[in-house]
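What follows is the residue order along each chain.
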Amino acid sequence: MNALSLNEHLDYQAVLDSIRIEEGFDYAAIALYEKESHISPIKWCYASGNLNQRYKFIVLRKGKGLAGNVMKTGKRMVIENVAQSLSAEDKHKYPIVLCELLTSMIAIPLWYQHQVYGVLLLGQRNDKPLPQTYKTISLKSKLGIFNEED
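The shown structure was predicted, so the numbers you read here are calculated from the model rather than taken from an experiment.

What counts, and where the lines are drawn
Residues numbered from 1 in each chain as written. Predicted model: local features only at pLDDT ≥ 70, side-chain atom pairs only at ≥ 80, totals over all residues. Heavy atoms only, no water. Helix = DSSP H or I, 4+ residues; strand = E, 2+ residues; numbered from the N terminus. Rg over C-alpha atoms; globule rule 2.2 N^0.38 Å. Buried < 20%, exposed > 50% of the residue type's maximum accessible area, 1.4 Å probe, protein only. Polar contact = N/O pair within 3.5 Å; in protein donor to acceptor, adjacent residues only side chain to side chain. Contact = heavy atoms within 4.5 Å. Phe/Tyr/Trp six-rings, centres within 6.5 Å; stacked < 30°, edge-to-face > 60°. Pairing = 2+ DSSP bridges. Salt bridge = Lys/Arg side-chain N within 4 Å of Asp/Glu carboxyl O.

> Explain the overall build of the chain to me, and be specific about the residues and the numbers.
Within the chain, the secondary structure is distributed over six helices and six strands. The linear arrangement of helices and strands in the chain, starting from the amino end, is α-α-β-β-β-α-β-α-α-α-β-β. Taking 150 residues into account, the globule formula puts the C-alpha radius of gyration at 15 Å, and the chain, at 14 Å, falls close to it. Dimensions of the chain along its principal axes, counting C-alpha atoms only, are 40 × 30 × 25 Å. Among the 150 residues that make up the chain, the fraction classed as buried is 49%.

> Hey, could you go over the side chain of S104 for me, with residue numbers and the actual values?
In this structure, S104 sits in strand β5 (residues 102-112). Within the local environment of S104, its side chain forms a polar contact with the backbone oxygen of K128, the two atoms lying 3.1 Å apart. The residues contacting S104, other than those within four sequence positions of it, are I79, E80, V82, L122, G123, Q124, K128, P129 and L130.

> Any details on the packing of aromatic side chains? Residues and values, ideally.
Aromatic ring pairs are reported here in terms of the distance separating the ring centres and the angle at which the planes meet. Under the counting rule described, the total for this entry stands at two aromatic pairs. A ring pair is formed by Y12 and Y46, whose centres lie 4.9 Å apart and whose planes are at 25 degrees; its orientation type is stacked. Here Y12 is found in helix α2 (residues 12-23), whereas its partner Y46 is found in strand β2 (residues 42-48), with 34 residues between them in sequence. By relative accessible area, which is 3% here, Y12 ends up buried.

> Any chance you could break down the pairing of strand β1 (residues 27-33) for me, citing the residues and the numbers?
The side chains of a regular strand alternate, first on one face of the sheet and then on the other. The element β1 is largely enclosed, with a buried count of seven among its seven residues. Relative to strand β6 (residues 115-125), β1 is paired through six bridges, and the arrangement is antiparallel. Among the inter-strand pairings, Y27 is bridged to a residue of β6, identified as G123. Here β1 pairs with β2 via six bridges, running antiparallel. When the sheet's bridge partners are listed, Y33 is paired in β2 with I42.

> So what about the pattern of salt bridges? Which residues, and what values?
Here the structure, examined in full by the defined rule, presents four salt bridges. Notably, a salt bridge pairs E34 with K43, separated by 3.7 Å at the nearest N-O pair. Measuring nitrogen to oxygen at the nearest pair gives 2.7 Å for the salt bridge that ties E100 to R125. Here E100, found in helix α6 (residues 95-100), pairs with R125, found in strand β6; they are 25 residues apart in sequence, far enough to count as distant. When sorted by exposure, E100 lands in the same class as R125, which is buried.

> An account of unusual backbone geometry is needed here, citing residue identities and associated values.
One non-glycine residue, N126, adopts positive backbone phi at about 55 degrees. Mapped onto the elements of the fold, N126 is located in the segment after β6. A positive phi angle, close to 60 degrees, is found at D127, a residue other than glycine. Turning to its location among the elements, D127 is positioned in the segment after β6.

Here it is, written out as structure tokens:
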């Protein structure tokens, strides 16, 4: 069973829009496994505040890039200043940063039954800092069956 079918009653787009606005971010996205297998590619399935549709073509791998690292470790990843934290070469390992012009971001693992099924990404543009509340964002009861920690 894949992550999408686990929550098929949930309107991910509406929830994502709501989280982005309530928490004060410019961009929000959810990446999930493309198929039922944990070896299948990870793709950005939903986005809110996006500049274009290029996020749909990004294919991620576990352990590679922002979402891939979060899925591998099961831990939040925060980049408070992309320009200071990532070299020009490193930015190419984070294609979502390039196509959405993100300047700061937080990636949160989406856990279900002791496994990470996806990632919630929240980001800012134009050198805006992350909202002060980024450390205390809670996913409890917002994304259906998914929680930040199992």
